[in-house]
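Close look at the chain arrangement
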Amino acid sequence: MSAISASDIISILKTEVENFNWDAREREVGTVIWVGDGIATIYGIDHAMYGEIVVFDNGVKGMVQDIRKNEIGCILFGSDTGIKEGTKVTRTKKKAGIPVGSGYIGRIINALGEPVDGKGEIPFEDYRPIEEEAPGITQRKSVNTPLETGILSIDSMFPIGRGQRELIIGDRQTGKTSIALDAILNQKGKDVICIYVAIGQKASSVAKLVSTLEHHGALDYTIVLVSTASEPSSLQYIAPYAGTALGEYFMYQGKDVLIVYDDLSKHAVAYRALSLLLERPPGREAYPGDVFYLHSRLLERSSRLNDELGGGSMTALPIVETQAGDVSSYIPTNVISITDGQIFLESDLFFAGMRPAVNVGLSVSRVGGAAQTKAMKKASGSIRIDLAQYREMEVFTQFSSDLDESTKQQLQHGNVLMELLKQPLAHPLSLHEQVMTLCIANNRIFDAVEMKDVKEFQRGILEFLDREYPQIGYEIEEKKVLTDELVEKIIEAAKEYKSR
Amino acid sequence: MTQTANNYGKVLYDISISKEEIEQTAKLIKEEPRLLEILQDPTIGKTKKYKIIDRIFDGKMASFLKLLCKYGRIGQLADAFTAYHEYYDKQHGILRGQVYYVNPLEKAEKEQIVQFLKEKFSCENVLLEEERDEALLGGYLLKAGGIEYDFSYEGRLRQMEKKLTGRWTL
């Protein structure tokens, strides 16, 4: 390449400058009259819309959240240093949105869609508003395809369908995030794009989660959107909406999306802080009046689209933290009533060694059987009733020592079921493994095994079945039905394994 | 500015006190800040304040000031005057604009600007305030009715900088 002299460069620049398209449009401007705590009050900009982005003179952006007679209230998406009384503010006439695109998969971003993983800029394909209307009735289809979490207790008793909203609720340290994480890990190779939205969490917990995802190769289909506890509450407030906008982009392309909001109680707290600073009247627990709408408009956007719109889906797993197991406080009851079911985790169960600590009695999936394969429906038919009877019996027989044979058997069966529902982290079971386990358990083959050996026996038998009779597993995965013939075969094989 | 100040500003216009009188009062209060201090002082009795007002002002202006004293709103007098001017301009179709320049504008240019603003905001009169601002480097900057037209070199440089370095976010 020949060297370019300095005069050449200057002449190139000159023509560039001469041909530069000046944007001489009018701009609506206002001035800051008050700023503090991530909120700015602006005088002027008479035509500002609710939710519009305004730009301050130092480049910081804000979103209009309050329109009064002579002034507007804005939340700031950045530091308020450099913004003072009299700073010029310009209207952009654009609603808040983030760039979206398939380049975001495998990346870690902040609530504004900017990369925070140090892997460089992300190519984007489109721009989507963070607040978007949820799909209407005619645009939807009923939820009928399962989204397997790989967790036996959930897939068998509280199945989650693609497009469903299932709340994960429980005290601190009961494994809420772990369930969501397991669900993400289980989507490997299933053509589901996962989005994990961390709201108001410690950066260290997020880093740990990302390394787990990376370790299991799950980051290849996952987007992590982070708004840590140290970020302004305005960013924590928009984070789940930004994540949903990103999810919608894929959903409208006909893809399946799983989005985890971790967690919405911190989101409500961030919104409470903003609302109080914007001088909105406080209601119960000082939350503003529209805290229900805050979450309902977010979760309504998760849906299953009809075939004309591509048949994509967005499944939401919101997480809510309770205090001392109280599900009847404000935010938990709100989100419970919005979602299509909840998985309730209990700390007592957790410390008793029951992990995942799912409370079978209080958890429910309102979509239920519609989102279960026929095979699973058949295999899990009686497990809920068996467990309910077991719990009742357990309380009943706590003090008496001599029990009749049938009661003893029922207790033993219940104990075995509880043992089988225990599952370590990052060990998802595939559909055929779950079906086979339940099938064997229902035929009381596990009941004769020593309690401490149940898990080991389960592992062994599944391995044996996959090795010696791979066609059984294959048939379940392919046809997704459990014929009597197959049940017969599984029992035969199990007996064969047991006799060894 | 509070709604109260707006209301008082409107009342000032409605009771038809002359504009000169209001400007005079505003000037007086600005030049003698102690007067407002005394009128705002809660330790001084109402009758004493009324006496002071009567000695300086007369007619409707005096009654107006007394009313403000009576309801403890005299602190909003300056805001009330501002509101009065805004309301007056609105009633008379007057638009106030500011031009910031580096090199003084020519008469024809100014007329053009005034004509443009008249059409844009459909008003009868345009009052153009001119101010020299070296920071603009060149060209001029026009502000009127909450809208800004930037024809300055400084603004164009900033625009160019944004286009060259800017990223499309939010």
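The structure displayed is predicted, hence computed values, not measured ones.

Side note on the overall build of chain A
Helix and strand counts for chain A stand at 16 helices and 16 strands. Taken along its principal axes, the extent of the C-alpha atoms in chain A is 90 × 65 × 45 Å. Out of the 500 residues belonging to chain A, those deemed buried represent 54%. Accessible surface, chain A as shown: approximately 22200 Å² in total, 53% of it carbon and sulfur. Across chain A, the mean location of the 53 positive side-chain charges is 1 Å away from that of the 69 negative side-chain charges.

Brief notes about the domain arrangement of chain B
Under the domain assignment, chain B is made up of domain 1 (3–89) and domain 2 (93–165). Put simply, the middle of domain 1 of chain B and the middle of domain 2 of chain B, counted by C-alpha atoms, are 34 Å apart.

Concerning the side chain of Gln423(A)
All names here are of chain A. Here Gln423 shows up in the loop between helix 12 (405–421) and helix 13 (431–442). Of the residues examined, Gln423 reaches a relative accessible area of 11% and is grouped as buried. Of the polar contacts made by the side chain of Gln423, one reaches the backbone oxygen of His427; its length is 2.9 Å. Discounting residues that sit within four places of it in the chain, Gln423 has contacts with Gly150, Ile151, Leu152, Arg355, Pro356, Pro428 and Leu429.

A short note on the packing of helix 2 (residues 19–31) of chain B against helix 6 (residues 77–91) of chain B
Residues and elements named next belong to chain B. Closest axis-to-axis distance for the helix 2/helix 6 pair is 11 Å, and the angle between their directions is 150°. Considering their axes alone, helix 2 and helix 6 lie roughly antiparallel with respect to each other. Note that helix 2 runs across helix 6; the crossing there is left-handed. Along its contact with helix 2, which presents Lys19, Ile22, Glu23, Thr25, Ala26 and Ile29, the element helix 6 presents Leu77, Phe81, Tyr84, His85 and Tyr88. Residues of the contact of helix 2 with helix 6, tallied by class, amount to seven nonpolar, two polar and two charged.

Quick notes on a nonpolar patch on the surface
Residues Ile33(A), Trp34(A), Tyr43(A) and Met1(B) make up a contiguous nonpolar surface patch of about 340 Å² in total accessible area. Checked against the element boundaries, Trp34(A) lands in strand 1 (residues 27–36). Take Trp34(A): its relative accessible area is 41%, and that puts it in the partly exposed class.

Some thoughts on the interface of chain B and chain A
Contact residues are listed per partner, giving 20 residues for chain B and 30 residues for chain A. Buried area between chain B and chain A, summed over both chains or domains, comes out near 2500 Å², and the portion from carbon and sulfur atoms is 53%. The interface formed by chain B and chain A holds four salt bridges in total. The salt bridge involving Lys88(A) is made with Glu148(B); its shortest N-O contact spans 3.0 Å. Taken together, chain B and chain A are joined by five residue pairs in polar contact (both at pLDDT 80 or more). Counting only elements with at least two residues in the side of chain B that touches chain A, the list comes to helix 1 (3–14), strand 4 (147–152) and helix 8 (153–165) of chain B. Looking at the side of chain B that touches chain A, its residues break down into seven nonpolar, five polar and eight charged. Pairing geometry for strand 1 of chain A and strand 4 of chain B, over two bridges, is antiparallel. What sits directly across from Glu28(A), in strand 4 of chain B, is Ile147(B).

A word on the side chain of Thr407(A)
Here Thr407(A) lies in helix 12. When near neighbours in sequence (up to four residues on either side) are disregarded, Thr407(A) contacts Met393(A) and Thr397(A).

Thoughts on the domain arrangement of chain A
Residues and elements named next belong to chain A. On domain assignment, one finds that chain A holds domain 1 (29–94), domain 2 (99–372) and domain 3 (378–499). Computed over C-alpha atoms, the centres of domain 1 and domain 2 are 30 Å apart. Each side of the interface is counted separately: domain 1 has twelve residues, and domain 2 has eleven residues. The largest per-residue losses of area from domain 1 upon contact with domain 2 belong to Ile39, Gln65 and Phe77, which jointly make up 40% of the total buried on that side. Taken together, domain 1 and domain 2 are joined by zero salt bridges. Applying the counting rule to domain 1 against domain 2 returns two residue pairs in polar contact (both at pLDDT 80 or more). Those elements that place two or more of their residues in the side of domain 1 that touches domain 2 are strand 4 (61–67) and strand 5 (71–76).

Observations regarding the nonpolar core
Generally speaking, nonpolar side chains in soluble globular proteins are found buried as a group. Residues and elements named next belong to chain A. One finds Leu213, Val224, Ile476, Leu482 and Ile490 to be the most contacted residues of the largest nonpolar core, which totals 78 residues. At seven residues, the largest contribution of residues to this core is made by helix 13. Each of domain 2 (99–372) and domain 3 (378–499) accounts for three or more of the residues forming this core. What Ile490 contacts, discounting residues up to four positions off in sequence, is Met436, Cys439, Ile440, Leu465, Ile472, Ile476 and Leu482. With 56 residues, the next largest nonpolar core counts Leu235, Tyr261, Ala268 and Ile336 among its residues.

About the cut-offs
- Position numbers for residues start from 1 in each chain and track the written sequence from start to end.
- Chain letters start at A and ligand numbers start at 1, both assigned in the order the entries are written.
- Residues qualify for local features only when their pLDDT is at least 70, as the model is predicted, and side-chain atom pairs are given and counted only at 80 or more; totals for whole chains, interfaces and linings, by contrast, use all residues.
- Note: side-chain values were computed over all heavy atoms of the structure, leaving out hydrogens and water.
- Each helix is a run of DSSP H or I of at least 4 residues and each strand a run of E of at least 2, with the numbering of both proceeding from the N terminus.
- Each residue is assigned to one of three classes by its accessible area relative to the maximum for its type, calculated with a 1.4 Å probe on protein chains only: buried under 20%, partly exposed between the two thresholds, exposed over 50%.
- For accessible areas, the Shrake-Rupley method is used with a probe of radius 1.4 Å. Any residue's cover is judged against the shown protein chains and nothing else.
- Note on charges: Lys and Arg go in the positive column, Asp and Glu in the negative column, and His and the chain ends are not counted at all.
- We put the charge of a Lys on NZ, of an Arg on CZ, of an Asp on CG and of a Glu on CD.
- Residue ranges for the domains originate in an automatic or database domain assignment.
- As used in this structure description, the phrase polar contact means that two N or O atoms lie within 3.5 Å; if the pair is within protein, one of them must be able to donate a hydrogen and the other to accept it, and residues adjacent in sequence are counted only when both atoms belong to side chains.
- Residue contacts follow a heavy-atom distance rule, with two residues in contact if any of their heavy atoms lie within 4.5 Å.
- Orientation is described by axes fitted as lines to C-alpha atoms, over the contacting stretch for helices, and by angles from 0 to 180 degrees between their N-to-C directions.
- Angles below 35 degrees are treated as roughly parallel, those above 145 as roughly antiparallel, those between 65 and 115 as roughly perpendicular, and all remaining angles as oblique.
- Crossings are sorted by hand: turned counterclockwise from the far helix by less than a right angle, the near helix makes the crossing left-handed, and turned clockwise it makes it right-handed.
- Any residue that is not Ala, Val, Leu, Ile, Met, Phe, Trp, Tyr, Cys, Pro, Asp, Glu, Lys or Arg is counted as polar, Gly included; the first ten are nonpolar and the last four charged.
- Residues enter patches when their relative accessible area tops 30% and they take part in no salt bridge; the joining distance is 9 Å for like charges and 5 Å for the nonpolar side chains Val, Leu, Ile, Met, Phe, Trp and Tyr.
- The term salt bridge refers to a side-chain nitrogen of Lys or Arg lying within 4 Å of a carboxyl oxygen of Asp or Glu.
- Buried area counts how much accessible surface, traced with a 1.4 Å probe, disappears from two parts once they are put together, with both parts' losses summed.
- What makes two strands pair is DSSP finding at least two bridges between them.
- As used here, the term nonpolar core means buried Ala, Val, Leu, Ile, Met, Phe, Trp, Tyr and Cys residues forming a set that is joined through side-chain atoms within 4.5 Å.

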